[in-house]
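# Summary of the model geometry
The lines below spell out each chain.
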Amino acid sequence: MISSQNEAVTKGAVIAGDGNPSLDTTPLEPTMEDQLDQIRTLLEQMMLLAERSAEEGMPDRELLQQELDRLRGQIDEIADQMDG
């Protein structure tokens, strides 16, 4: 039994209800700081895309705009989670 528990934990599984507090965990909600870090990372990605689009000879501005829109959507989702 112990070897199967170790194997499951090694593979990233959580064994719930076995009485061991180190194994009885629940997923943590992201903290406000974590969410702000995610937004910061997304904004950095947007900045890099904006810089690339400003370069001469940028072949596909429409594709870059789609990516900017996708990143903006992710930021909006995180901000909505922070509000609610």
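Residues numbered from 1 in each chain as written. Predicted model: local features only at pLDDT ≥ 70, side-chain atom pairs only at ≥ 80, totals over all residues. Heavy atoms only, no water.

## Observations concerning the overall build of the protein chain
Put simply, the rule is: Per the convention used, a helix needs a DSSP run of H or I reaching at least four residues, while a strand needs a run of E reaching at least two, with both numbered from the N terminus. Using a 1.4 Å probe on the protein chains alone, a residue whose accessible area is under 20% of its type maximum counts as buried, one over 50% counts as exposed, and one in between counts as partly exposed. Contacts are assigned to residue pairs that have any heavy atoms within 4.5 Å of one another.
Along the protein chain, the regular secondary structure elements total 3 helices and 0 strands. Listed N to C, the secondary structure of the protein chain is α-α-α in terms of helices and strands. Within the protein chain, the proportion of its 84 residues that are buried is 18%. Long-range contacts, defined as pairs at least 24 residues apart, comprise 44% of the intrachain contacts of the protein chain with a sequence gap of at least 6.

## Quick look at helix α3 (residues 61-83)
We apply this condition: By this rule, a helix spans an expected 1.5 Å times one less than how many residues it contains.
Relative to the 33 Å expected for 23 residues at 1.5 Å per residue, α3 spans 33 Å between its end C-alpha atoms, a close match to the ideal helical length. Here the buried face of α3 lies against α2 (32-54).

## Thoughts on the packing of α2 against α3
For the record, the criterion: Fitted lines through C-alpha atoms serve as axes, helices being fitted only where they are in contact, and the angles separating the N-to-C directions of these axes extend from 0 to 180 degrees. Angular relationships are summarised with four words: roughly parallel below 35 degrees, roughly antiparallel beyond 145, roughly perpendicular across 65 to 115, and oblique for the angles in between. The crossing is said to be left-handed when, going from far helix to near helix, the turn is anticlockwise and less than a right angle, and right-handed when the turn is clockwise. Gly is put with the polar residues, along with every residue not named as nonpolar or charged; the nonpolar set is Ala, Val, Leu, Ile, Met, Phe, Trp, Tyr, Cys and Pro, and the charged set is Asp, Glu, Lys and Arg.
Two elements in contact, α2 and α3, have axes separated by 10 Å at closest approach and are oriented at 165 degrees. Classed by the angle they form, the pair α2 and α3 counts as roughly antiparallel. The handedness of the crossing between α2 and α3 comes out as left-handed. Contacts between α2 and α3 involve M32, Q35, L36, Q38, I39, L42, L43, Q45, M46, L49 and S53 from the first element and R61, L64, E67, L68, L71, R72, Q74, I75, I78, Q81 and M82 from the second. Tallied by class, residues from the contact of α2 with α3 come to 13 nonpolar, 6 polar and 3 charged.

## Some thoughts on the nonpolar core
Applied cut-off: To define a nonpolar core, start from buried Ala, Val, Leu, Ile, Met, Phe, Trp, Tyr and Cys residues and group those joined through side-chain atoms within 4.5 Å.
The biggest cluster of nonpolar side chains holds 9 residues, and these are I39, L42, M46, L49, L64, L68, L71, I75 and I78. Other than its neighbours up to four places away in sequence, L42 contacts L71, Q74, I75 and I78.

## Considerations on the confidence of the model for the protein chain
Selection criterion: What pLDDT expresses is the predictor's confidence in each residue, scored from 0 to 100.
Residues of the protein chain with pLDDT of at least 70 account for 64%, and the chain-wide mean is 75. This model gives residues 1-17 a pLDDT under 50, and the stretch forms 12 contacts once residues within four places in sequence are excluded.

## Details of the side chain of Q35
With respect to the helices and strands, the residue Q35 is situated in helix α2. Assessed through its relative accessible area of 7%, Q35 is described here as buried. Dropping the residues within four chain positions of it, Q35 is found in contact with P30, I78, Q81 and M82.

## A look at α2
Side chains three or four residues apart in an α-helix point the same way, a direct result of the helix having 3.6 residues per turn. The terminal C-alpha atoms of α2, which comprises 23 residues, lie 33 Å apart, in line with the 33 Å expected from a rise of 1.5 Å per residue. Turning to α2, its buried residues number three or more, namely Q35, I39, L42, M46, L49 and S53.

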